[in-house]
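# Tertiary structure, described
Each chain, letter by letter, is given below.
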Amino acid sequence: MSTFHLSRRSVLAGSAAAAAAVSLPVVPGQARAATPSAALSAAPSAAAESGYRWRGAVMGGTGFISGVLFHPTVRGLAYARTDIGGAYRWDDRTDRWIPLTDHLGWDDWNLLGVEAMAVDPTHRNRLYLALGTYTQPWAGNGAVLRSEDRGATWKRTDLTVKLGANEDGRGCGERLLVDPRNGDTLWLGTRHDGLLKSTDRGATWQPAAFPATPSATGQGITLLVAAGRTVYAGWGDSDGTSDRPNLYRTSDGKTWEPVPGQPTGTAAKVPIRAAYDRLTRELYVTYANAPGPNGQSDGSVHKLLTTNGKWTEVTPVKPGGVTGDGGTDAFGYGGVAVDARRPGTLVVSTNNRWAEIDTVSRSTDGGRTWTSLKDAAVFDVSETPYLKWGGDKPKFGWWIQALGLDPFDSAHVVYGTGATLYGTRDLRRWAPQIRGLEETAVLHLISPPVGEAHLISGNGDIGVMYHESLTASPSRGMASNPVFGSTTGLAQAAARPSYVVRTGWSGSANGAWSDDGGQTWSPFASQPAAAKDAPGPIVTNADGSVLLWSLGSSNGTVHPAYRSTDNGATWSEATSVPKGAVLVADPVEPTLFYAYDTTTGAVHASTDGGLTFTTTATGLPSGDAQFQLTAAPGRSGDLWLSAKEAGLYRSTDRGATFTKVGSCRSAHTLGFGKAAPGATYPAIYMVGATSGPNAVHRSDDEARSWARINDDQHQWGWIGRVVTGDPRVYGRVYLGTNGRGVQYGEPV
């Protein structure tokens, strides 16, 4: 194992401005310049106006880095974009990435995906972001943010079209470009609505004439790049034939034409990314047979000498060879970046190369010869151990479409993967350059009452993590034996906190139990047949002697629940539990369980350890499987029902009756923490609304009154999945976000 460790300063050195982002709310449907509000301090522990300091519990990336961009004229200034977790700016003074879009709130959740970004080479402080996560009918339209101070403050224009930062093709780009002839002019390539143009630095946008016709299901324009004073546009909906070109150009900003002699064929079907070498006046383009990051099996790299129109193929390794096990070495090409200081020097990446593992290749002679940087790579992932994925070492990467080469340092290369951003200063030693960038979609949270860790998280894509520290990535990495993809259930025995169970997606066992508080795990010795394709959430009773597993999948399919009394060695069907019901264990009485049938609005209770259930209450809110039922700690039968816009309900008689709580208008998720000084009831944390918008609230008086504890600079889009307080630290709250990891707040 490597013993060296690269600091963030050694990888992204230089001078970068330090300020995080803030914006005023906007009126939907209008394209206008909003007046920016005061800038938020760049400090990652900045205190909110609510009197809370908010920080991210460190995991270290964990999501797809879809783009990285060095400013061409400012040393050390770089930006990164993600598919669901916003945009970031590198701050050299703190050696970390500064989030730029945390101000986007509940109603703007669809804008946390960044489709594209652009800088103005002649105005060092200008930054533009094109936002929009999905193009589906249920998603809102996209927006463009523009800043004159590197994202410290923003002005916003809402678009009339949708963007798709978390759809296929999200690693292509960049789709946003400042025109090289006029810094007031911007181009934005969309997936389904053609080419947009702004002549007032992004304040307003109009459709621009373009030769290719978009479709409702296509990729549209995949990239925009300047080569001298000419703008090139990649088109993602070609069939690879000469009759349907996939690369266009304009030299006057008005008329577009297909680029003559452009490559054709399956290996050059979709232009993925492009980079211009101004020293040799050559444009390099990577191609694949699909937009990626999934589904690519062929690809190529070509260069165009812009002075005479000559095309040359410079593909490092052609896909289709034989793998070590006799299979087909299928992959496409992804990122490309050129050296601003050395003519003919560039790097390109493969993508979707699962068998032989993706790589970054480097050429110093214009693509005539190549060196795979993977072959000599030495990795240090000690700061983010989860990258070993339960094994002995990390692999070079996957989904490599974001690739950057520092214009001030030829040996400084960074590339994004499906989980992190790696960087090097010597083309051999690599380390994650991810500090401050947290992209996890958090699904479950536990704050144990005892033990080393104050937090255990269950997450999308990266399983379960035991956080012995909030300021360092968990030293054990992802929970193993087995390693999960996404977690579907996480529960702790209230009276026996050393006992924890988890369920999730896995190629082996779909459930496991721990008797040391979640530090080590044993897989269930058996599992119900349906668990493989529908693992669902799990609960354990107060003393850990009974497990109830509700089986269901994300597509809405539900199965009978199952019960085990031997740590998952054997299972029996719990016939009286409604399929898909929300299961809750009483925190005091081991024989008590509750089941909330969100289909019928009925609560059922069991007094025999989950063997049988009887209906105790009816007429409650129904129709939404995301409604939640939560038990107050240390009290038997004290239940809280969060029913989104239908409000908050409480039962103090083991679910026999429920009373609507009048102090709040909506309740999406609710949790408990240590009681306030002098109080006897736990502090309650709720994501919901009292009179204003949905936000994070705390109550110290059993929900008679609430105080909002986040503010407009700390909103993180949609945050309605999970929240919990710390049973050992009054005022500390852990909030699960959908793409910004675990945010935890503490009173200042």
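Above: the structure in question.
The sections below set out a description of the structure shown in this document. Predicted, not measured: the structure shown is a model, and the values here were computed from it.

Rules and cut-offs
Residues numbered from 1 in each chain as written. Predicted model: local features only at pLDDT ≥ 70, side-chain atom pairs only at ≥ 80, totals over all residues. Heavy atoms only, no water. Helix = DSSP H or I, 4+ residues; strand = E, 2+ residues; numbered from the N terminus. Rg over C-alpha atoms; globule rule 2.2 N^0.38 Å. Buried < 20%, exposed > 50% of the residue type's maximum accessible area, 1.4 Å probe, protein only. Contact = heavy atoms within 4.5 Å. Areas by Shrake-Rupley, 256 points an atom, 1.4 Å probe, with all protein chains shown as cover. Phe/Tyr/Trp six-rings, centres within 6.5 Å; stacked < 30°, edge-to-face > 60°. Salt bridge = Lys/Arg side-chain N within 4 Å of Asp/Glu carboxyl O. 1 Å grid on protein atoms, 1.4 Å probe; cavity = no way out; pocket = protein on both sides within 12 Å on 5 of 7 lines; lining within 4 Å. Points joined across faces, edges and corners; volume = space filled by probe spheres on them. Nonpolar A, V, L, I, M, F, W, Y, C, P; charged D, E, K, R; others polar. Pairing = 2+ DSSP bridges. Core = buried A, V, L, I, M, F, W, Y, C linked by side-chain atoms within 4.5 Å. Axes fitted to C-alpha atoms, helices over the stretch in contact; angles between N-to-C directions. Polar contact = N/O pair within 3.5 Å; in protein donor to acceptor, adjacent residues only side chain to side chain.

Check the secondary structure of the chain and you find 1 helix and 58 strands. Against the compact-globule benchmark of 27 Å for 748 residues, the chain has a radius of gyration of 26 Å, which places it among compact chains. If one aligns the C-alpha atoms of the chain with their principal axes, the spans along those axes are about 80 × 60 × 50 Å. Of all 748 residues assigned to the chain, the portion counted as buried reaches 62%. In the chain, of all internal contacts separated by at least 6 residues, the share reaching a separation of at least 24 is 53%. With the model as given, the accessible surface of the chain reaches about 25800 Å², and the carbon-plus-sulfur share is 49%.

It is worth spelling out the packing of aromatic side chains at this point. A ring pair, where both rings are aromatic, is described by two values, the distance of the centres and the angle of the planes. All chains considered together, the criterion is met by 28 aromatic pairs. Each ring, one from Trp 106 and one from Trp 718, has its centre 6.2 Å from the other, and the planes form 55°; the classification is tilted. Of this pair, Trp 106 sits in the loop between strand E5 (96-99) and strand E6 (114-120) while Trp 718 sits in the loop between strand E55 (707-708) and strand E56 (722-725), placing them 612 residues apart in sequence. The class of Trp 106 is buried, set by a relative accessible area of 14%. Residue classification places Trp 718 among the partly exposed positions, given a relative accessible area of 26%.

Here we come to the environment of Ala 78. By the element assignment, Ala 78 lies in strand E3 (residues 78-82). Residue class for Ala 78 comes out buried when judged on its relative accessible area of 0%. Separated by 162 residues in sequence, Ala 78 and Gly 240 place their C-alpha atoms 34 Å apart. With residues up to four places along the chain from it excluded, the contact list for Ala 78 reads Leu 69, Phe 70, Tyr 88, Arg 89, Trp 90 and Trp 97.

Evaluation of the coordinates by the stated rule reveals 33 salt bridges. A salt bridge links Asp 426 to Arg 429; its shortest N-O distance comes to 2.7 Å. The exposure class of Asp 426 is partly exposed, given its relative accessible area of 32%. On the accessibility criterion, Arg 429 (29% relative accessible area) is partly exposed. Two residues, Glu 702 and Arg 650, come together in a salt bridge whose shortest N-O distance is 3.0 Å. With Glu 702 in the loop between strand E54 (695-699) and E55 and Arg 650 in strand E50 (residues 648-651), this residue pair connects regions lying 52 residues apart in the sequence. Given the relative accessible area of 28%, Glu 702 is considered partly exposed. Ionic contacts of the salt-bridge type, sharing partners, join the residues Asp 120, Arg 126, Glu 148, Asp 184 and Arg 201 into one network.

Empty space among the atoms becomes apparent when a probe as large as a water molecule is rolled across them. Here the second largest pocket defines a volume of roughly 1200 Å³. Lining the second largest pocket are 45 residues, and of these Leu 69, Phe 70, Pro 72, Pro 121 and Ala 226 lie nearest its centre. At the level of elements, strand E2 (65-70), E6, strand E10 (176-178), strand E14 (221-227), strand E18 (270-277), strand E24 (332-338) and strand E29 (403-405) are the ones that each hand at least two residues to the lining of the second largest pocket. The element contributing the most residues to the lining of the second largest pocket is E18, with 5 residues. Residues belonging to the lining of the second largest pocket are distributed by class as follows: 28 nonpolar, 9 polar and 8 charged.

Right, let's get into the pairing of strand E32 (residues 429-432). Taken together, the 2 bridges between strand E28 (residues 378-379) and E32 define a ladder with parallel strand orientation. For Phe 379, the partnering residue across the bridge sits in E32 and is Trp 430. Counting the residues between successive antiparallel strands, the hairpin from strand E31 (residues 421-424) to E32 contains 4 residues, one of them, Leu 427, with a positive phi of roughly 65°.

Moving on, we come to the nonpolar core. Counting 34 residues, the largest nonpolar core has Val 360, Tyr 415, Trp 430 and Val 742 as the members making the most contacts within it. Within the residue set of this core, elements represented by two or more residues are E29, strand E30 (413-416), strand E33 (442-446) and strand E58 (742-747).

This paragraph deals with empty space enclosed by the protein. Counted by the stated rule, this structure contains 1 cavity of 30 Å³ or more. Looking at the largest cavity, its volume works out to about 30 Å³. For the largest cavity, the full set of lining residues is Gly 105, Trp 106, Asn 694, Arg 708, Asn 710, Gln 715, Gly 717 and Ile 719. Per-class residue counts for the lining of the largest cavity are 2 nonpolar, 5 polar and 1 charged.

Next up on the list: the sheet that holds strand E44 (residues 582-585). Strand order in the open sheet formed by 4 strands is E44-E45-E46-E47, and the pairing between neighbours is antiparallel. For this open sheet the edge positions go to E44 and strand E47 (614-617), each flanked by a neighbour on one side alone. On average, adjacent strands in this sheet sit at an angle of 30° to one another, irrespective of strand direction. Relative to strand E45 (residues 593-597), E44 runs antiparallel, the two being bridged by 4 bridges. The residue bridging Ala 585 from the neighbouring strand is Phe 593, located in E45.

On to the side chain of His 302, then. Mapped onto the fold, His 302 is located in strand E20 (residues 299-305). Looking at His 302, the relative accessible area reads 8%, which means it is buried. Here the side chain of His 302 touches Ser 300 through a polar contact of 3.0 Å, side chain to side chain.

With that settled, the discussion passes to the pairing of strand E42 (residues 561-564). A regular strand places its side chains on the two faces of the sheet in alternate fashion. Taking every second residue as pointing to the same face, both faces of E42 are buried, with Ala 561 and Arg 563 on one and Tyr 562 and Ser 564 on the other. Note: strand E41 (residues 547-549) against E42, 3 bridges, orientation antiparallel. Note on E42: the bridge partner recorded for Leu 548 is Arg 563. Relative to strand E43 (residues 572-574), E42 runs antiparallel, the two being bridged by 3 bridges. In the sheet register, Ala 561 faces E43, and the bridge partner there is Ala 574.

This part takes up unusual backbone geometry. Backbone torsion omega between Gly 292 and Pro 293 reads 5°, so that peptide bond is classified as cis. With respect to the helices and strands, the residue Pro 293 is situated in the loop between strand E19 (282-288) and E20. For the bond from Asn 481 to Pro 482, the omega torsion is 0°, close enough to zero to count as cis. Positive phi, close to 80°, is recorded for Thr 62, a residue that is not glycine. Here Thr 62 lies in the loop between strand E1 (52-56) and E2. Judged by its relative accessible area of 5%, Thr 62 is buried.

Our focus in this paragraph is the sheet that holds strand E57 (residues 733-736). Across a sheet, paired strands are connected by hydrogen bonds in the backbone, their directions being either parallel or antiparallel. A sheet is described by the order of its strands in space; here 4 strands give the open sequence E1-E58-E57-E56, paired in antiparallel fashion. The open sheet is flanked by E1 and E56, the only strands paired with a single partner. Averaged over all neighbouring strand pairs, the angle between strand axes comes to 20°, with direction disregarded. When E57 meets E58, the two strands line up antiparallel, connected through 4 bridges. Its bridge partner lying in E58, Val 733 is registered against Gly 745.

On to the environment of Pro 535, then. The topology assignment puts Pro 535 in the loop between strand E39 (522-523) and strand E40 (538-540). It is 6.4 Å that separates the C-alpha atoms of Pro 535 and Thr 503, two residues lying 32 residues apart in sequence. Ignoring sequence-local partners within four residues, the contact set of Pro 535 consists of Thr 488, Gly 504, Trp 505, Asn 510, Trp 549, Ser 550, Leu 551 and Gly 552.

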